[in-house]
Amino acid sequence: MKELILTSMIICPVCNHCEEEAMPVDACQWFYQCKCCGKLLTPKKGDCCVFCSYGTVSCPPVQQGGGTRCSP
């Protein structure tokens, strides 16, 4: 089984600030507030979470399932 990556760099689409964040292992994270400009990020249409939309690594549920959604 492939080892899960549990951190991702979230890149704000407004100010381009990058922040390394820990990802939840068993759920999707639907909201993230940029620590630089304060913009509240939500997933892009078709993505399950902010890590899949703005992160450098897909969320653990997607990594485990090999798909594009967190749902089982």
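The structure we're discussing is the one just above.
About the criteria used
Residues numbered from 1 in each chain as written. Predicted model: local features only at pLDDT ≥ 70, side-chain atom pairs only at ≥ 80, totals over all residues. Heavy atoms only, no water. Helix = DSSP H or I, 4+ residues; strand = E, 2+ residues; numbered from the N terminus. Buried < 20%, exposed > 50% of the residue type's maximum accessible area, 1.4 Å probe, protein only. Polar contact = N/O pair within 3.5 Å; in protein donor to acceptor, adjacent residues only side chain to side chain. Contact = heavy atoms within 4.5 Å. Patch = residues over 30% accessible without salt bridge, like charges linked within 9 Å, V, L, I, M, F, W, Y side chains within 5 Å. Areas by Shrake-Rupley, 256 points an atom, 1.4 Å probe, with all protein chains shown as cover. Salt bridge = Lys/Arg side-chain N within 4 Å of Asp/Glu carboxyl O. Pairing = 2+ DSSP bridges. Core = buried A, V, L, I, M, F, W, Y, C linked by side-chain atoms within 4.5 Å.

**Q** Give a detailed account of the side chain of S8, specifying residues and quantitative values.
**A** Within the element layout of this structure, S8 appears in strand 1 (residues 7–11). By relative accessible area, which is 2% here, S8 ends up buried. Only 3.0 Å separates the side chain of S8 from the backbone nitrogen of T56, close enough to count as a polar contact. Polar contacts involving the side chain of S8 include one to the main-chain amide nitrogen of V57, which spans 3.0 Å. Among all residues touching S8, those that are not within four sequence positions of it are E19, E20, E21, M23, F51, G55, T56 and V57.

**Q** I'd like a rundown of the side chain of Q63, residues and numbers included.
**A** Considering the arrangement of structural elements, one finds Q63 in helix 2 (residues 60–65). On the accessibility criterion, Q63 (18% relative accessible area) is buried. Among the polar contacts made by the side chain of Q63, one reaches the main-chain carbonyl oxygen of S58 at a distance of 2.7 Å. What Q63 contacts, discounting residues up to four positions off in sequence, is E3, L4, I5, M23, V57 and S58.

**Q** Give me a nonpolar patch on the surface: which residues, what numbers.
**A** A contiguous nonpolar patch, built from W30, F31 and L40 and spanning about 370 Å² of accessible area, is present on the exposed surface. The residue F31 is located in the loop between strand 2 (18–22) and strand 3 (32–33) in this model.

**Q** Lay out the pairing of strand 2 in plain terms, naming residues and giving numbers.
**A** Relative to strand 2, strand 1 runs antiparallel, the two being bridged by five bridges. From the neighbouring strand, S8 faces strand 2, where its bridge partner is E21. Connecting strand 1 to the next strand, strand 2, in antiparallel fashion are six residues, including N16 with a positive phi near 65°.

**Q** So what about the nonpolar core? Which residues, and what values?
**A** The nonpolar side chains of a soluble globular protein tend to be buried, and buried together. Within the largest apolar cluster, 13 residues are counted, with the highest numbers of intra-cluster contacts made by I10, L41, C48, C49, V50, F51 and C59. Looking at this core element by element, the count peaks at three residues for helix 1 (residues 50–54). What C49 contacts, discounting residues up to four positions off in sequence, is C28, Q29, W30, P43 and C59.

**Q** Kindly report on the environment of L6, identifying the contributing residues and their values.
**A** Mapped onto the elements of the fold, L6 is located in the segment before strand 1. Aside from chain neighbours lying at most four places away, what touches L6 is E21, A22, M23, V25 and P60.

Coordinates in, geometry out; function isn't part of it.
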